[in-house]
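Breakdown of the fold
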Amino acid sequence: MTAFDDLSLLRAFVCIVECGSISAGARHLKIPQPTLSRYLRVLEEHCGTALLRRDTHRMNLTQTGQRLLEDARTMLAHAEAADQRLREDQTMLSGHLRLFATMDLGQSIVTRLVSSFLQTNSKVTAELSLTNRPLHMIQEGCDVGILPGKITDESVIARPAGKITLHLAAAPSLVQSRPAVKEPADLKSWPWIRLSGVSAKEITLFARHRAEQTLRVSPVLISEGVRSIREAVRAGLGVAVLPDWLIREDLLSGQLVRVLPQWNAKDLPVHVVYLGARLLPTRVRAFIDFAVSYMTKEFGSNA
């Protein structure tokens, strides 16, 4: 054990020097004088030399004591500052957030979410990473992620935050060029555009009071981005399953139309994910609650 292993010994030494005596230091620290004397004795034993010379009239620092006093004050100041930062981390809405989301959701809804949170909490800053392969982001040190789809990573907590409705959509030009569609089976021969990472050659559709139907399809294009798929659908390349939030304006403007509007793919759950640590900084806990509320309202009619 060294003189620097126990900050209480250093704190006792500095207090004795600054108060001018052991008795005054004991009164300041509100501990018995024999206890403070023992702290000084133990510290001197660790140092291997006397730190103070005492007589009936005054107390003086030895040369070693003078050097240790300067170092002890510096160490105690650093420790106090570190403790203050830790307390602020747990009690104040301040500091930096590392966030992540999938590319398409992150570029729109999640960016608006983060902007709203930062405008409300001016002492917080954030970094938002966008990736369509997000499972490693928590391991890389990110605090919170907002992800659509099923969460399979058991190392994270996933709080539900609404559901995304998925529509079958196509360009009017494609619909007009094909025979009329009455049942999902009529779409088997259509050109399909699919999202990578899902079962690209199968799609299951649902309708109220009808049995689900699974179609075998042959995609003409598989893309990693939902916005990329929307552009291809707009161009008339094929039919695709697209999220309501992304194509709402296209449907209103007539750039896209719904195909078999009574049939949909299964709703896609949205989650706010984070490590299940017992002590999360206040800014992280506040952002998680804010994100769950924001996303649930965004997709509230579908939740």
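Higher on the page you've got the structure.
**Looking at the environment of Arg258**
Mapping Arg258 onto the fold places it in strand S12 (residues 257-258). Beyond its immediate stretch of four places on either side in the chain, Arg258 contacts His167, Leu168, Ala169, Leu251, Trp263 and Asn264. Within the structure, Arg258 has its side chain in polar contact with the backbone oxygen of Pro261 (distance 2.6 Å). Here the side chain of Arg258 touches Asn264 through a polar contact of 3.1 Å, side chain to side chain.

**Some details on the packing of helix H1 (residues 7-19) against helix H3 (residues 33-47)**
Between H1 and H3, the least distance of the axes is 9 Å, while the angle of their chain directions is 110 degrees. With respect to H3, the axis of H1 lies roughly perpendicular. At the point where H1 passes H3, the crossing takes the left-handed sense. Touching Leu9, Leu10, Ala12, Phe13 and Ile16 of H1 are Leu36, Tyr39, Leu40, Val42, Leu43 and His46, all from H3.

**Observations concerning the pairing of strand S4 (residues 124-130)**
For a regular strand, side-chain orientation follows a simple rule: the groups alternate between the two sheet faces. The pairing of strand S3 (residues 95-101) with S4 spans seven bridges and is parallel. Its bridge partner being in S4, Ala101 is matched across the sheet by Leu130. The β-α-β motif built from S3, the intervening helix H5 (residues 103-120) and the parallel element S4 has right-handed crossover chirality.

**Quick notes on the pattern of salt bridges**
Should the charged atoms of two oppositely charged side chains come close, the side chains can pair. Enumeration over the complete set of coordinates arrives at eleven salt bridges. Of the charged contacts, one joins Asp250 and Arg230 as a salt bridge, the two residues approaching to 3.9 Å between their closest N and O atoms. Linking Asp250 in helix H8 (residues 244-253) with Arg230 in helix H7 (residues 226-234), this pair joins segments that are 20 residues apart in sequence. Per residue, the accessibility class of Asp250 equals that of Arg230, and both read buried. Across the salt bridge formed by Glu231 and Arg234, the nearest N and O atoms sit 2.8 Å from each other. Here Glu231 and its partner Arg234 are both found in helix H7, three residues apart, which amounts to about one turn of the helix. The exposure class assigned to Glu231 is partly exposed, which follows from its relative accessible area of 40%. Ionic contacts of the salt-bridge type, sharing partners, join the residues Arg230, Glu231, Arg234 and Asp250 into one network.

Rules and cut-offs
Residues numbered from 1 in each chain as written. Predicted model: local features only at pLDDT ≥ 70, side-chain atom pairs only at ≥ 80, totals over all residues. Heavy atoms only, no water. Helix = DSSP H or I, 4+ residues; strand = E, 2+ residues; numbered from the N terminus. Contact = heavy atoms within 4.5 Å. Polar contact = N/O pair within 3.5 Å; in protein donor to acceptor, adjacent residues only side chain to side chain. Axes fitted to C-alpha atoms, helices over the stretch in contact; angles between N-to-C directions. Parallel < 35°, antiparallel > 145°, perpendicular 65-115°, else oblique. Left-handed = near helix turned anticlockwise from the far one by under 90°. Pairing = 2+ DSSP bridges. Right-handed = clockwise from strand over helix to strand, strands pointing away. Salt bridge = Lys/Arg side-chain N within 4 Å of Asp/Glu carboxyl O. Buried < 20%, exposed > 50% of the residue type's maximum accessible area, 1.4 Å probe, protein only.

Read these as spatial facts, not as claims about activity.
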